[in-house]
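# Overview (structure and organization)
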Amino acid sequence: MKGKKSINYIKNEYIGRTLVTICGFLIVLTTLAIIIFICQKGMQSFLDSKLSLGEFLTSDKWSPNNKSYGALVFIAGSTAVSLGAVIISAPIGIAIAIFNNHIAPKFGARFLKPVLELLVGIPSVVYGFLGVVILVPMLRENFGGVGFSLIAGVIVLSIMILPTIASIADDAIRGVSPAYLEASYGLGSTRWQAVSRVVVPAAKTGIMTGVVLGLARAFGEALAVQMVIGNTVKLPDGLYSPTSTLTGILSMDMSNTLNGTAWNNALWTLAMILLLISFLFILIIRVISKKGAQA
Amino acid sequence: MVKGFKVTMAALVMAGALAGCGNSKESGAEKEKSGAKTEEISGTLTAAGSTALQPLAEEAANEITGKNPNLSVTVQGGGSGTGVNQVAAGAIDIGNSDVPSADKIEDKTQADKLVDTKVAGIAFALVVNKDVKVESLKEEQIQGIFSGKYKNWKEVGGNDEKINVINRPASSGTRATFEKTIMKDVKVDDSIGTAQDSSGAVEQSINTTPGSVSYLAMSYFVGDKKDSLKTLKINDVEPTIENVSAEKYPFWSYEYMITNGEPKDAAKEFINFVSGEEFAAKVEEMGYIPMSELE
């Protein structure tokens, strides 16, 4: 009897533990494998195809048929469109979070939250399509040009990342201890004073995390932006001129180039840059949350 | 649990191995039969690549498998680069491409192994928004428009309206043909106008952007798309099969099916079927040019 029991014990304890451990290692291995693969492919531009790193990062001449590979347009385009989207989305997202928690909690829980969740569920191609059909003609009629533009990308992206920022900010604001609010009221502040001077500063860390996550999502989004931004290989003259992004050029050219060619290698390098920038964002989030934990 | 998992894994591995075996056995059986032409063709074929050739290849696959129930043909898209890549790697039997494989591959030894077979021709047309009052353009004028020399339609005999160029990405097969047959030594300026990823996106942009001009394959204008866009004549010649075969219309190219080594067995039968007399009427109906018209 005793022996049997210990077998069962071993089964229950160790098999479960082994499976869970394997899964843990598997995800680490997968991530590492992807990183190593992309970096290895990305380095080929410089090792095999002898492109210069300086030129790659600083030249705005991208013309693979004439052997010039400068990625500045794409890096600048991706950065501009993501930052623009965050500038529009962050204030609105934070406002929604405040409204949800302190102005109208019931309405927020019943209507606003489900609506935000729906917004997350809409596929990016639908956003892109709406952008092409509604936004682009509207921009063209009101502001001239072709309509396909940086601002079109910014607007589409800002709607896409709004739920990310809003829901994380919402959690952050809900996490602020009610004691802070009560203390603030006790000192005679109005509701708006309490929210803006006490609650929001106290939730700063969580809100920043949401904003950086939104930025990361904006950076990685390919399809919807590619559909409305125009994909012109040129630094934008302004908000209403078309440009390209890293993800856009990758999705357009990857399937039509051949493994091992300088062109293909250059695209892998773009993918590597994209990955490194995402890492940068993750690093920023970690630094922010560490600071938050210390405070 | 672990045992179950192992068994599942083993089953998967076995299934994979069996599938592999099945494949080679079938093609072995096919080899015996291919001597007599009236015999049924059997085996499994996979083809991938050019999205321009995909509809034709799919139709041919439907017809040939209808006649030969033991043959299965899978046709996928992915782009000409994917087609050449995959066939060079041995992952598929036939790579579909808009350009000869040698144009894509830098590695000479690899290029020598691949065999390109012309299966059809495809004509392209310049398309413009309906508000453009031009019916025909000379090659010099087209070169001027896409290199940025002409910026207004009145410079090429049209109304006073800004020209909005819509390009395909630099790696696209359609773009490659455009550069080879029309632009010749003049470089397309990627910093003017916008770029769209697919024929559908080009149609959408042309329809909604005033003064826009781009290029599309004639196989796009079949069925209900027939009169969806205004096409231009080049040097006063209409883009028709007769004009291409009389060498009056310059903007066309061959479509290629690429095999690793000389095509044999089922691949050979399939390629012969696509380019053969029996299928020619369908080729014409679908907007391509049958090989018989081109020789």
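Residues numbered from 1 in each chain as written. Chains lettered and ligands numbered in written order. Predicted model: local features only at pLDDT ≥ 70, side-chain atom pairs only at ≥ 80, totals over all residues. Heavy atoms only, no water.

Of regular secondary structure, chain B possesses 11 helices and 10 strands. Burial statistics for chain B: of 295 residues in total, 51% are counted as buried. In chain B, 73% of the contacts between residues at least 6 apart in sequence involve partners at least 24 apart. Surface accessibility of chain B: about 13500 Å² in total, with carbon and sulfur atoms responsible for 52%. (Helix = DSSP H or I, 4+ residues; strand = E, 2+ residues; numbered from the N terminus. Buried < 20%, exposed > 50% of the residue type's maximum accessible area, 1.4 Å probe, protein only. Contact = heavy atoms within 4.5 Å. Areas by Shrake-Rupley, 256 points an atom, 1.4 Å probe, with all protein chains shown as cover.)

With that settled, consider the packing of aromatic side chains. In the structure shown here, the tally under the stated rule is 18 aromatic pairs over all chains. Between A:Trp62 and A:Tyr69, the aromatic rings sit 5.7 Å apart at their centres with planes inclined by 80 degrees, giving edge-to-face as the arrangement. The exposure class of A:Trp62 is buried, given its relative accessible area of 5%. Aromatic side chains B:Trp252 and B:Tyr254 sit 5.1 Å apart centroid to centroid with 75 degrees between the ring planes, which places their arrangement in the edge-to-face category. Taking relative accessible area as the criterion, B:Trp252 reaches 21% and is therefore assigned partly exposed. An aromatic cluster is defined as three or more aromatic residues linked by ring pairs; in this entry it consists of B:Phe124, B:Phe146, B:Phe178, B:Tyr215 and B:Phe251. The ring of B:Tyr254 carries the charged tip of B:Lys118 above its face, separated from the ring centre by 4.3 Å. (Phe/Tyr/Trp six-rings, centres within 6.5 Å; stacked < 30°, edge-to-face > 60°. Lys NZ or Arg CZ within 6 Å of the ring centre and 35° of its normal.)

Our next topic: empty space enclosed by the protein. Under the defined criterion, the tally for this structure stands at two cavities of 30 Å³ or more. The space that makes up the largest cavity amounts to roughly 70 Å³. Along its surface, the largest cavity is lined by A:Trp62, A:Asn231, A:Val233, A:Ile249, A:Met252, A:Asp253, B:Arg168, B:Pro169, B:Ala170, B:Arg175, B:Asp190 and B:Ala195. For the lining of the largest cavity, the element with the most residues is helix 11 (residues 246-253) of chain A, which contributes three residues. Tallied by class, the residues present in the lining of the largest cavity amount to seven nonpolar, one polar and four charged. (1 Å grid on protein atoms, 1.4 Å probe; cavity = no way out; pocket = protein on both sides within 12 Å on 5 of 7 lines; lining within 4 Å. Points joined across faces, edges and corners; volume = space filled by probe spheres on them. Nonpolar A, V, L, I, M, F, W, Y, C, P; charged D, E, K, R; others polar.)

At the junction of the two partners, chain A supplies 30 residues and chain B supplies 32 residues. Of all residues in chain A, the largest losses of buried area upon contact with chain B belong to A:Arg140, A:Asn256 and A:Leu258, amounting jointly to 24% of the total for that side. Joining chain A to chain B, the criterion identifies 12 residue pairs in polar contact (both at pLDDT 80 or more). Counting only elements with at least two residues in the side of chain A that touches chain B, the list comes to helix 1 (2-47), helix 5 (124-143), helix 10 (223-229), helix 11 and helix 12 (262-294) of chain A. Of all the elements, helix 5 of chain A adds the most residues to the side of chain A that touches chain B, at four residues. (Buried area = accessible area lost by both parts, 1.4 Å probe. Polar contact = N/O pair within 3.5 Å; in protein donor to acceptor, adjacent residues only side chain to side chain.)

Summed over the entire model, instances satisfying the criterion amount to 14 salt bridges over all chains. Put simply, B:Glu59 and B:Lys282 hold a salt bridge, and the shortest N to O gap is 3.9 Å. In this pair, B:Glu59 is assigned in helix 2 (residues 54-67) and B:Lys282 in helix 11 (residues 277-285), connecting sequence segments 223 residues apart. Where B:Glu285 meets B:Lys282, a salt bridge forms, and the shortest distance between an N and an O atom there is 3.5 Å. Here B:Glu285 and its partner B:Lys282 are both found in helix 11, three residues apart, which amounts to about one turn of the helix. Since its relative accessible area comes to 23%, B:Lys282 is described here as partly exposed. Among the charged side chains, a network of salt bridges with common partners joins A:Lys113, A:Asp170, A:Asp171 and A:Arg174. (Salt bridge = Lys/Arg side-chain N within 4 Å of Asp/Glu carboxyl O.)

This paragraph deals with the nonpolar core. Soluble globular proteins tend to pack their nonpolar side chains together in the buried interior. Ranked by size, the top nonpolar core spans 81 residues in total, and within it B:Ile145, B:Phe146, B:Trp153, B:Phe178 and B:Phe270 carry the most contacts. Looking at this core element by element, the count peaks at 10 residues for strand 4 (residues 114-128) of chain B. Shared between two domains, this core holds at least three residues of each, these being domain 1 (43-121 + 254-293) and domain 2 (122-252) of chain B. By size, the runner-up hydrophobic cluster in this structure holds 74 residues, among which are A:Ile151, A:Ala172, A:Val211 and A:Leu246. (Core = buried A, V, L, I, M, F, W, Y, C linked by side-chain atoms within 4.5 Å. Domains from an automatic or database assignment.)

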